[in-house]
Amino acid sequence: MMLTGIGLYVIAQLAISVWAARRTRSETDYLLAGRTLGPLAIGMSIFATWFAVEGIVATSGLVAEEGLSGALFDPIGLGLGIIAFALLVAGPIRRGQNVMLSGFLGARFGTLSESLAGFIVCASAIIWSSVQILALAVLLASISSLSIFGGLMLATTLVLVYTMLGGLLGDIVTDMVQGAVLALGLVICLVLIIGMGGGAEAALVAIPAERTDRLISEDPLSSAEVFLSALATSIAGAELAGRTLGARSAAVARNGALIGGGIYLTVGAMPVLFGLLGPQLGLDLPVGDGYLPAMIKTLMPTWLQVVFMGALLSAIFSTVDSALLAVSAVATESVYRRLRPAAGEREGLVIARLTTVGAGVLAFFIAAYGESIRTLALQGASVGGCLLVPVLLGVLTKSGGERGAPASIIVGFSILFWLQWLHPVTGAFLYAVAGALLAYVVAELPKNRRPSPGVPEDF
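Residues numbered from 1 in each chain as written. Predicted model: local features only at pLDDT ≥ 70, side-chain atom pairs only at ≥ 80, totals over all residues. Heavy atoms only, no water.

1. A word on a nonpolar patch on the surface
Taken together, the side chains of Leu437, Leu438, Val441, Val442 and Leu445 present a nonpolar region at the surface, about 410 Å² in accessible area. With a relative accessible area of 41%, Val442 lands in the partly exposed category. (Patch = residues over 30% accessible without salt bridge, like charges linked within 9 Å, V, L, I, M, F, W, Y side chains within 5 Å. Areas by Shrake-Rupley, 256 points an atom, 1.4 Å probe, with all protein chains shown as cover. Salt bridge = Lys/Arg side-chain N within 4 Å of Asp/Glu carboxyl O. Buried < 20%, exposed > 50% of the residue type's maximum accessible area, 1.4 Å probe, protein only.)

This is how it looks when you write it as structure tokens:
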């Protein structure tokens, strides 16, 4: 019954994508849903996109192990980052009629900044896609006889078919449904947990004080890195930008992002409660990524497991779709159209879909060799956060930065690459942000600045 139900759910998702594909005739339709989105659609889509399985499966398992400090990355850091994105970034980038975040940086700081930002967006998006593919593989393995590798192959196939067909329009439509279903499923699961714990008051009182009295872990530098990377990847998130760039106006983009952030923080509190309450129930639950799937199978009847797992699958589709579309936008707008400026909309659509396949294959290999869902998520957040300095200064200032912006991206990513992958140290992302800001300031010193032709001072 479980496999049949999940299969039907997936077929319904793909059917919606087929419906959307019939209305997708150009790059603008595929990447930005024709710029027709209202605030509620944007808010629900941002919630559904950013509140992926990492925020449910990994957070609940981490909180069960570490206590409240396991929620510092998600939902606290990512949720507050969405609010900051709404207040600072969403309106200005939509106002410029951009197709993608790197396009905004290109219009503001020049072609070199756009190219460098495009590389960062693609790297981060592919890693985020690998996070969701790995999470989907874990879920598929938990409800079937598939191995993790077999789950990875099936998961990659499903998300690629889904993304190639419908683009952003199909994603937005399913986001509205799956966001509501997912929130309802979380509420039902929480009610069941509280009931097993003897009621809300008894369940909360039973939580050991040491699990809730420390938001910062015993390593403050590590906690600061986790929180800032989550904040930065939301503020400079190409996937969030893709949602708001499809808005009808700048005001709609801002308001929609605020709605999304509010929903995210509210619903995101429930997986945290799962992690805090579950260990007190006396259930035999594994640690790590298998914690929540095991809890769902233990607490919920089969029909409800189908609904809940279906919503999780839909959340994965939404997040992977957004990430892969960000890669497609960069490849199509920043690379292909410069090589073939006379290319038509239909040709651009074909290239965007082919790029989606290539990015999905890369994500598969990263997921196959990834350590865990949370580790991959932190890496994706750190890479995406390398755009924090130029994005913030791009929306907060109106001139300058033609030398500082590319310098900050190069220096920030170089420091991160060295300290996070080659010679790992705690606080690598903090050093990367500090280096990026310093590089921007030094490059923009009066003796280093040169006027950049073609960039209006009152942009």
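2. Focus on the packing of helix 6 (residues 101-109) against helix 17 (residues 388-396)
Put simply, helix 6 and helix 17 touch, their axes get as near as 10 Å, and they point 60 degrees apart. Of the possible angle classes, the one that applies to helix 6 and helix 17 is oblique. Between helix 6 and helix 17 lies a crossing of left-handed hand. Seen from helix 6, the contacting residues are Leu101, Phe104, Leu105, Arg108 and Phe109; seen from helix 17, they are Pro390, Val391, Leu393, Gly394 and Val395. Among the residues making up the contact of helix 6 with helix 17, the classes are represented as 8 nonpolar, 1 polar and 1 charged. (Axes fitted to C-alpha atoms, helices over the stretch in contact; angles between N-to-C directions. Helix = DSSP H or I, 4+ residues; strand = E, 2+ residues; numbered from the N terminus. Parallel < 35°, antiparallel > 145°, perpendicular 65-115°, else oblique. Left-handed = near helix turned anticlockwise from the far one by under 90°. Contact = heavy atoms within 4.5 Å. Nonpolar A, V, L, I, M, F, W, Y, C, P; charged D, E, K, R; others polar.)

3. Thoughts on unusual backbone geometry
With an omega dihedral of 20 degrees, the bond running from Asp74 to Pro75 counts as a cis peptide bond. Mapped onto the secondary structure, Pro75 falls in helix 5 (residues 72-95).

4. Considering the packing of aromatic side chains
For the coordinates displayed, the defined rule picks out 8 aromatic pairs. Considering the side-chain rings of Trp50 and Trp128, the 5.9 Å spacing of their centres and the 35 degrees angle between planes classify their relative orientation as tilted. A residue pair is termed long-range when its members are at least 10 positions apart, and Trp50 in helix 3 (residues 39-50) and Trp128 in helix 7 (residues 111-142) qualify at 78 residues. For the pair shown, Trp50 and Trp128 are each scored as buried. Site record: aromatic cluster; members linked through ring pairs are Phe119, Phe413, Phe417 and Trp421. (Phe/Tyr/Trp six-rings, centres within 6.5 Å; stacked < 30°, edge-to-face > 60°.)

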